[in-house]
Amino acid sequence: MSEFHLPPYARTMGMEIDHVDEGGVPVIAMDFAQRVEGRPGFLHGGAIGGLLEMAAHAALRAELDRQGSEFRIKPVNISIEYLRGGVQVRTFARGEVIRAGRRVANVRVEAWQGDRSKLVASSWMNFLLAPPKG
């Protein structure tokens, strides 16, 4: 897998690649800080959504690299389910590519804190796969 770099937005929000799991998929992490706080003591929904989106991109890029595909990925839509309030601890997110065809990819993402079985949020994200420029 080529090295995945987080975009400036992710770095500004305090996101980083925590580790690459046994399946070769990056797990993205975000520490709690004032910049990601919504109501006092809880993560802002937009920060959670951004974390989910970065994890989806990372999972899809890892899958395309494994396949040897050189597609550009363009987000089409995202659907987020907020399941519980994110509190003042490190939050993790990992995507799973459900399908990566010739034109469209579908990615499922989960975010958790501490106990992976107790999700903070989950999402579906769909991407258009476009040929490389040039």
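In case you missed it, the structure is sitting above this.
Here we summarise the structure given alongside this text.

1. Comments concerning the pairing of strand E5 (residues 104-112)
Stage number 1. Strand direction decides the pairing type here: strand E4 (residues 91-100) and E5, joined by eight bridges, are antiparallel. Across the sheet, arginine 99 pairs through a bridge with asparagine 106, a residue of E5.
Stage number 2. Pairing analysis gives nine bridges linking E5 to strand E6 (residues 119-130), with the strands arranged antiparallel. Note that in E6 the partner of glutamate 110 across the bridge is serine 122.
Stage number 3. What sits between the antiparallel neighbours E5 and E6 is a turn of six residues, in which glycine 114 has the positive phi angle 75°.

2. Remarks on the side chain of arginine 94
Stage number 1. Mapping arginine 94 onto the fold places it in strand E4.
Stage number 2. Polar contacts involving the side chain of arginine 94 include one to the side chain of aspartate 21, which spans 2.3 Å.
Stage number 3. Once residues within four sequence positions are removed from consideration, arginine 94 is found in contact with Asp21, Val25, Pro26, Val27, Ala55, Arg108, Val109, Glu110, Trp112 and Arg116.

3. As for the packing of aromatic side chains
Stage number 1. This structure, assessed with the given rule, holds one aromatic pair.
Stage number 2. Arranged with centres 5.9 Å apart and planes meeting at 20°, the rings of phenylalanine 92 and tryptophan 112 form a pair that is stacked. Of this pair, phenylalanine 92 sits in strand E4 while tryptophan 112 is found in strand E5, placing the two residues 20 residues apart along the sequence. In this pair, the class of phenylalanine 92 matches that of tryptophan 112, namely buried.

Reading the values: the criteria
Throughout this document, residue positions are counted from 1 along each chain, in the order its sequence is written. Reporting in this predicted model follows two pLDDT cut-offs: at least 70 for local features of residues, and 80 or more for side-chain atom pairs to be given and counted; totals over whole chains, interfaces and linings ignore these cut-offs and use all residues. Only heavy atoms go into the side-chain values, all of them from the structure, while hydrogens and water stay out. Pairs of strands are assigned from DSSP output, requiring at least two bridges between the strands. Working definition: helices are DSSP H or I runs of at least four residues, strands are E runs of at least two. Numbering for both runs from the N terminus. The term polar contact refers here to a pair of N or O atoms within 3.5 Å; inside protein, the definition further demands a hydrogen-donor-capable atom paired with an acceptor-capable atom, and it admits residues adjacent in sequence only when both atoms are side-chain atoms. Contacts are assigned to residue pairs that have any heavy atoms within 4.5 Å of one another. Side-chain rings of Phe, Tyr and Trp, where Trp is taken by its six-membered ring, are said to pair if the distance between their centres is within 6.5 Å; with planes under 30 degrees apart they count as stacked, over 60 as edge-to-face, and otherwise as tilted. Think of it in three bands: with a 1.4 Å probe and only protein chains considered, a residue is buried below 20% of the maximum accessible area for its type, exposed above 50%, and partly exposed in between.

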